[in-house]
Amino acid sequence: MPVRYKTTVKSLLGLAFIALPAHAVQTAEIDTNRVCQPAAANATDFSYPEFEQSLAQDEVAVRSQQAEIFNDQRANFFGDVVIQRNSQWLMTESATVDQTEQTIEAKNGVRFTDGFINVTGDSFYFDGNSEIAELRQTNYQMASTNARGTAGLLQVSSEHVSLLDSSFTTCPTPNPAWQLTAERIEINETSDYGKAWDAKLRLFDVPVFYLPYFTFPVNDSKKTGFLYPTIDSSSNNGIELETPYYFNIAPNMDATIAPVYTSERGTMLKTEYRYLFPEHAGQVNIEYLPNDRAREDRADRYLWHINHATQFNQNWSAFIDATQISDDNYLNDFGSDFAGRADTHLYRVAQIDYLSSGWHFQLRSEDYELLGQYRSPYRTLPQLSLNYETEPAQGFKLNWSNELTYFQDQARSSNYATRAHTAPSLSYSFEQPAYDAEAEITYLLTHYLQQNENSQFADEVTRALPRARLRGRLHLERFYQASGDSFRQTLEPQVQYLYVPYENQQSIGIYDTTLMQDDYNGLFRPQRFSGLDRIAEANQITYGASSSIFDEKERELLRISVGQIYYFDESRTTLLSERLNDRAQITSSNSEWVADINWALSPQWSLRSSVQYDTELNRTRKSQSALEYRQSDRKLVQFNHRKATNILNTDIEQVGTQAVWELNKQWQVAANVYYDLSHDRVNDAVLGMQYSNCCWAVRVSAYRRINRNFETANNFAIQNNSNPTEFDNGVSLQFIISGLSADSGSLIEMLESSIYGYRRPFYLSN
């Protein structure tokens with residue numbers, strides 16, 4: 001008959017084993033359940049015995065086949081011994097419990113589990129006086145992860161765990177591809193970090209790295225130390241080796257310092273500092289390369305970036321975002337997390353905002369730095385704006401915009417201007433389920449004080465223009481059946497009339513104004529130019545319609561929008577001289593037809609396209625389309641095309657293909673190719689392949705991209721293809737260790753970092 005026994009041995013098991021936290025070992029980042037067979041087959045079977053007493057907190061119960069009890073002070077248990085305390089279980093063939101000595105001893109094999117960690121060993125000994133338990137020749141495994149290992153001696157006290165002659169791995173296979181071994185590992189329950197002595201990293205049972213002492217996190221807390229290095233190569237920089245070091249300064253701030261050795265240029269230092277407080281947050285980045293060996297002038301190269309946001313209180317806030325580089329070629333040579341290699345400019349802005357009861361005050365400073373042999377535009381130093389907007393009352397709404405701006409020429413400090421602008425606006429709108437309409441009248445009053453070397457610009461200019469706008473829209477819908485399914489279709493035709501009288505504005509300089517690009521929604525804007533330096537006259541009607549189809553779950557399956565502007569009068573307002581026929585001037589009675597389409601062809605297939613078609617010239621002036629098949633981040637293919645005419649006197653037409661495909665659970669490939677039809681060349685190409693095992697992965701990638709050399713003296717000739725095009729080629733080899741790397745295991749981020757990064761069709765810009 002089974003023997004059941006209750007005892008009051010102090011801290012019998014719980015204090016000993018509860019010291020080892022469930023999250024003492026970080027889990028693997030590679031999805032082993034996807035790549036491997038379930039790892040549970042390799043884990044020790046720790047099924048709970050069919051035995052449970054109704055125990056008080058910390059009370060201990062023992063069950064066995066036989067027992068020898070001596071005066072209720074000492075007991076020997078034999079045969080299927082099970083000791084239970086709270087949620088902890090000890091299972092063995094024989095055990096001795098001594099109340100007087102406060103000890104428990106078990107030999108000839110033991111098993112222990114608490115629901116978080118499973119341990120097997122040759123023997124178990126617990127001393128209640130010192131509250132230390134010892135297990136010898138153990139194997140341990142975390143119950144909820146693949147983390148496991150061995151220990152010659154495992155010592156546990158109430159808040160401390162020591163593993164002597166131990167190992168650790170997250171590989172679920174019997175012969176792990178990698179493991180850490182150490183003479184001694186110490187884990188303290190009150191600390192976020194463990195300690196290891198004489199540690200070795202073994203790959204395929206070959207020691208490849210040795211550390212006499214290091215610490216490691218036992219939970220999600222951050223830890224100061226080296227991050228994993230990266231190795232790349234390129235024709236521009238040669239071999240690149242980056243070895244970042246991370247500083248955990250405080251729970252709300254950290255820093256990273258990363259020396260980057262490049263065989264062709266020298267050693268660069270990258271630094272990052274991040275902070276987070278209740279009222280403000282941000283980061284500062286600095287990159288510096290002294291005496292670039294790849295340049296004839298041996299110039300120093302650098303980048304700095306600052307991003308900061310503050311919320312002083314519910315009304316006041318501040319924001320700054322700025323990036324500066326040493327030269328126009330920096331992004332092309334080194335890349336950056338803050339600007340793309342294909343970017344043509346850097347944008348910097350700093351502002352302070354106040355919001356309260358319809359009022360919005362803003363103090364703002366901004367500037368653009370153009371990359372290449374171009375003259376940078378004016379800086380805004382600063383701009384003060386004050387806007388007031390009332391709540392609608394009986395359909396009426398008042399909006400009053402005010403602005404005072406000082407502009408400074410970045411190239412010539414003697415050129416500057418001050419602009420004061422006010423624009424009161426009154427609108428009336430009404431809305432019904434079947435329609436809505438709006439009428440608006442605005443008075444635009446602007447005054448300029450200008451100092452410029454160009455005698456065309458007047459020293460003082462005042463411009464006053466009224467603007468009237470009428471807009472109406474219908475909301476129609478119908479329900480219908482198709483192939484046994486129910487659908488809802490909407491139709492929204494709309495029309496707008498816009499009137500602005502003409503005024504010659506050539507005596508005003510261009511400080512923050514450019515021609516805005518049109519899409520369907522842009523057709524109904526009240527102005528053609530951004531900024532205030534040009535207000536185009538208008539006597540025009542805009543008409544268009546948008547139609548959508550929704551399924552029974554109100555998911556939009558298709559949206560098509562088409563529109564056009566009819567001009568009663570030609571527009572004479574241009575950015576440049578009125579004697580020049582620039583692209584901002586309108587000489588046709590109609591604008592291009594503009595059409596947008598979003599089509600969810602199926603749960604996997606989607607199409608996004610925007611087109612501007614010139615009916616007089618019978619040609620597409622601008623278009624952008626993307627067709628994508630997407631099962632997941634590991635299985636997608638996208639085909640895209642874009643075309644634009646008269647961009648810096650150049651036509652652009654490109655086709656591209658991007659793909660990530662998981663061939664099976666181990667192999668994954670990715671490719672990205674963009675072909676320039678205008679110049680008959682490949683501008684950007686990336687090819688990558690990854691093999692993933694249960695415990696490790698290896699990734700090989702290669703790229704070829706156009707070398708955008710902004711600083712070449714004959715830069716204009718290169719852009720117009722009169723000189724041979726230069727390319728930058730590179731390869732990368734990356735080894736990913738499951739559980740030791742933060743890599744996601746997917747190749748899609750490789751495409752996102754290319755010149756023309758991956759974007760989903762629904763997020764394509766116009």
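Residues numbered from 1 in each chain as written. Predicted model: local features only at pLDDT ≥ 70, side-chain atom pairs only at ≥ 80, totals over all residues. Heavy atoms only, no water.

Asker: Would you explain the overall build of the protein in this entry?
Answerer: Across its full length, the protein holds 5 helices and 43 strands. For the protein, with 766 residues in total, the buried portion stands at 44%. Contacts spanning at least 24 positions in sequence make up 50% of the contacts within the protein whose residues lie at least 6 apart. For the protein, the computed accessible surface area is about 38,800 Å², with 53% contributed by carbon and sulfur atoms. (Helix = DSSP H or I, 4+ residues; strand = E, 2+ residues; numbered from the N terminus. Buried < 20%, exposed > 50% of the residue type's maximum accessible area, 1.4 Å probe, protein only. Contact = heavy atoms within 4.5 Å. Areas by Shrake-Rupley, 256 points an atom, 1.4 Å probe, with all protein chains shown as cover.)

Asker: I would appreciate a short explanation of the pairing of strand β5 (residues 88-98) in the present structure.
Answerer: Within β5, 9 of the 11 residues are buried, which leaves it mostly tucked inside the rest of the structure. Inspection of the sheet shows β5 paired to strand β6 (residues 103-113) by 9 bridges, in the antiparallel sense. The partner of S94 across the bridge, within β6, is K107. Between the antiparallel neighbours β5 and β6 lie 4 residues, among them Q102 with a positive phi of about 60°. (Pairing = 2+ DSSP bridges.)

Asker: Looking at this structure, how should I read the pairing of strand β21 (residues 280-289)?
Answerer: Sheet faces and side chains relate simply in a regular strand, where the side chains alternate between the two faces. Bridge count for strand β20 (residues 266-276) against β21 is 8 bridges, and the pairing is antiparallel. Counted as the bridge partner of K270 is E287 from β21. The antiparallel pairing of β20 with β21 creates a hairpin that spans 3 residues between the two strands. In this sheet, strand β22 (residues 301-311) lies alongside β21 in antiparallel orientation, the contact comprising 10 bridges. When the sheet's bridge partners are listed, Q283 is paired in β22 with N307.

Asker: What exactly am I supposed to notice about the side chain of E366 here?
Answerer: Secondary-structure assignment places E366 in strand β25 (residues 359-370). For E366, a relative accessible area of 15% puts it in the buried group. Among the polar contacts listed, one links the side chain of E366 to the side chain of R364, at a separation of 3.3 Å. Apart from residues no more than four positions distant in its own chain, E366 is found in contact with Y347, R348, V349, R379 and T380. (Polar contact = N/O pair within 3.5 Å; in protein donor to acceptor, adjacent residues only side chain to side chain.)

Asker: Would you mind showing me how to read the packing of aromatic side chains here?
Answerer: Each aromatic ring pair is described using two quantities: the centre-to-centre distance and the angle formed by the ring planes. With the rule as written, the count across this model stands at 23 aromatic pairs. Between F430 and Y435, the ring centres sit 6.1 Å apart and the planes meet at 80°, which makes this aromatic pair edge-to-face. Overall, the relative accessible area of 37% leaves F430 in the partly exposed class. Through a chain of ring-to-ring contacts, the aromatic side chains of Y378, F407, Y448 and Y511 assemble into a single cluster. Between the NZ or CZ atom of R184 and the centre of the ring of W197, over which it lies, the distance is 3.9 Å. (Phe/Tyr/Trp six-rings, centres within 6.5 Å; stacked < 30°, edge-to-face > 60°. Lys NZ or Arg CZ within 6 Å of the ring centre and 35° of its normal.)

Asker: Help me understand the environment of V637, please; the structure alone is not making it clear to me.
Answerer: Tracing the chain through its elements places V637 in strand β38 (residues 635-647). As for V637 and W605, which are separated by 32 residues in sequence, their C-alpha atoms are 9.6 Å apart. In contact with V637, not counting residues within four places along its chain, are L627, E628, Y629, Q658, A659 and W661.

Asker: How do you make sense of a nonpolar patch on the surface when you look at a structure like this?
Answerer: Together, F247, I249, I257, L269, Y273, V284, I286, Y288, Y302 and W304 make up an exposed nonpolar region whose accessible area comes to about 820 Å². For the nonpolar patch, the secondary structure elements donating two or more residues are β18 (245-250), β20, β21 and β22. With 3 residues, β21 is the largest single contributor of residues to the nonpolar patch. You can see Y288 is positioned in strand β21. A relative accessible area of 37% places Y288 in the partly exposed class. (Patch = residues over 30% accessible without salt bridge, like charges linked within 9 Å, V, L, I, M, F, W, Y side chains within 5 Å. Salt bridge = Lys/Arg side-chain N within 4 Å of Asp/Glu carboxyl O.)

Asker: How should the nonpolar core be read in this particular structure?
Answerer: Among soluble globular proteins, nonpolar side chains are generally buried collectively. Counting 42 residues, the largest nonpolar core has F124, L163, W178 and C695 as its most contacted members. If near-sequence neighbours (up to four positions away) are discounted, L163 is found in contact with Y140, A151, L153, L154, E183, R184, I185 and I187. Core analysis: the next-biggest nonpolar cluster, separate from the first, contains 11 residues, L303, I325, F334 and A339 among them. (Core = buried A, V, L, I, M, F, W, Y, C linked by side-chain atoms within 4.5 Å.)

Asker: What should I look at first to understand unusual backbone geometry in this one?
Answerer: L381 connects to P382 through a cis peptide bond whose omega is -10°. Within the secondary structure, P382 sits in strand β26 (residues 379-389). In the Ramachandran plot, D80 falls in the positive-phi region, its phi being about 50° despite a non-glycine side chain. Of note, D80 is situated in strand β4 (residues 74-85). Notably, R298 is not glycine yet its phi reads approximately 50°, a positive angle. Looking at R298, the relative accessible area reads 44%, which means it is partly exposed.

Asker: Any chance you could explain the confidence of the model for the protein here in plain terms?
Answerer: Detailed reading of the predicted coordinates is not advisable wherever pLDDT falls low. Summary statistics for the protein give a mean pLDDT of 82 and a share of 82% for residues scoring 70 or more. For the protein, per-element mean pLDDT is lowest for helix α1 (residues 14-17), which scores 26, and highest for strand β30 (residues 460-474), which scores 97. Counted against residues more than four places away or in other chains, residues 762-766, with its pLDDT under 50, gives 15 contacts. (pLDDT = per-residue confidence, 0-100.)

Asker: Sorry, what's going on with the environment of V500 here?
Answerer: Within the secondary structure, V500 sits in strand β32 (residues 485-500). Owing to a relative accessible area of 3%, V500 belongs among the buried residues under this scheme. Expressed as a C-alpha distance, the spacing of V500 and Q540, which sit 40 residues apart in the sequence, is 9.3 Å. Discounting chain neighbours no more than four positions away, the residues touching V500 are L465, P466, R467, I535, A536, E537 and A538.

Asker: So what exactly am I meant to see when it comes to the pattern of salt bridges here?
Answerer: Think of it this way: side chains of opposite charge can pair up when their charged atoms draw near. This model, assessed by the stated rule, comprises 33 salt bridges. R274 is the partner of D254 in a salt bridge, and the nearest nitrogen-oxygen pair spans 2.7 Å. Of the two residues, D254 is situated in strand β19 (residues 253-262) and R274 in strand β20; the sequence distance between them amounts to 20 residues. In this structure R274 comes out as partly exposed when scored by relative accessible area, which is 38%. A salt bridge links E272 to R274; its shortest N-O distance comes to 4.0 Å. A relative accessible area of 24% places E272 in the partly exposed class. When salt bridges that share partners are traced, they join R265, D292, R295, D297, R301, D327 and D333 into one network.

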